[in-house]
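Survey of secondary and tertiary structure
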Amino acid sequence: MSRRRPPRRAGSRRALAGGHDEVERWPDGDWVVRKVTGAGSGKPYRCPGCDQIIPPVTPHVVAWPVEGGTLGGGGIGERRHWHPACWRARERRRPG
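Below, the structure is looked at part by part. (Residues numbered from 1 in each chain as written. Predicted model: local features only at pLDDT ≥ 70, side-chain atom pairs only at ≥ 80, totals over all residues. Heavy atoms only, no water.)

1. A look at the pattern of salt bridges
Inspection of the entire model under this criterion finds five salt bridges. The shortest N-O distance in the salt bridge between Asp30 and Arg25 comes to 2.8 Å. We classify Asp30 as partly exposed; its relative accessible area is 22%. Looking at Arg25, the relative accessible area reads 32%, which means it is partly exposed. Arg46 is the salt-bridge partner of Asp51, the closest N and O atoms lying 3.9 Å from each other. Taking the relative accessible area as the measure of exposure, Arg46 reaches 49% and is therefore partly exposed. (Salt bridge = Lys/Arg side-chain N within 4 Å of Asp/Glu carboxyl O. Buried < 20%, exposed > 50% of the residue type's maximum accessible area, 1.4 Å probe, protein only.)

2. Let's talk about the packing of aromatic side chains
Counted under the stated rule, the structure contains three aromatic pairs. Consider the rings of Trp31 and Trp87, whose centres lie 5.7 Å apart with planes at 70°: the pair is edge-to-face. Residue Trp31 is found in strand E3 (residues 29-36), and its partner Trp87 is found in helix H1 (residues 84-93); the two are separated by 56 residues along the sequence. Across the pair, exposure class does not vary: Trp31 and Trp87 are buried alike. With a centroid separation of 5.2 Å and an interplanar angle of 75°, the aromatic rings of Trp82 and Trp87 are classed as edge-to-face. An aromatic cluster of at least three residues, connected via ring pairs, comprises Trp26, Trp31, Trp82 and Trp87. The ring of Trp26 has Arg90 sitting right over it, with the charged end atom 4.9 Å from the ring centre. Residue placement shows Arg90 over the ring face of Trp31; its charged tip is 4.7 Å from the ring centre. (Phe/Tyr/Trp six-rings, centres within 6.5 Å; stacked < 30°, edge-to-face > 60°. Helix = DSSP H or I, 4+ residues; strand = E, 2+ residues; numbered from the N terminus. Lys NZ or Arg CZ within 6 Å of the ring centre and 35° of its normal.)

3. Some thoughts on the nonpolar core
Burial of nonpolar side chains together is a common tendency in soluble globular proteins. In terms of nonpolar packing, the biggest core is built from 10 residues, these being Trp26, Trp31, Val33, Cys47, Ile54, Val61, Ala63, Trp82, Cys86 and Trp87. Taken together, the elements giving at least two residues each to this core come down to E3, strand E6 (60-65) and H1. (Core = buried A, V, L, I, M, F, W, Y, C linked by side-chain atoms within 4.5 Å.)

4. Observations concerning the environment of Pro84
By secondary structure assignment, the location of Pro84 is in helix H1. On a C-alpha basis, the gap between Pro84 and Val36 in space is 9.8 Å, while along the polypeptide they are 48 residues apart. The residues touching Pro84, leaving out its near neighbours within four places in the chain, are Pro59, His60 and Val61. (Contact = heavy atoms within 4.5 Å.)

5. Considerations on the pairing of E3
As judged from the six bridges shared by strand E2 (residues 21-26) and E3, these two strands associate in the antiparallel manner. Bridged to Glu24 within E3 is Trp31. Examined bridge by bridge, E3 and E6 share six bridges and lie antiparallel to one another. Residue pairing in the sheet places Val32 in a bridge with Trp64 of E6. (Pairing = 2+ DSSP bridges.)

Have a look at this one:
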């Protein structure tokens, strides 16, 4: 007898083994999410949520889509740096 897991809600998370990355499930798919302290980031990034600069040495979120069923995140080429609040608010900004 198989047990079904309840569906994950938008933004639900699960940690990946051996790292600080988590997978979050959103309506547009699963995303690998890494929280960055900022201590190791020495360059600015542009947040896709607000189109503003994330200054160097600023805590932020790095996210990329999970592709091809690999939990390591096959979509790492689509990695983007977000302000934490912009990442959390992304669902409210989706069109439709």
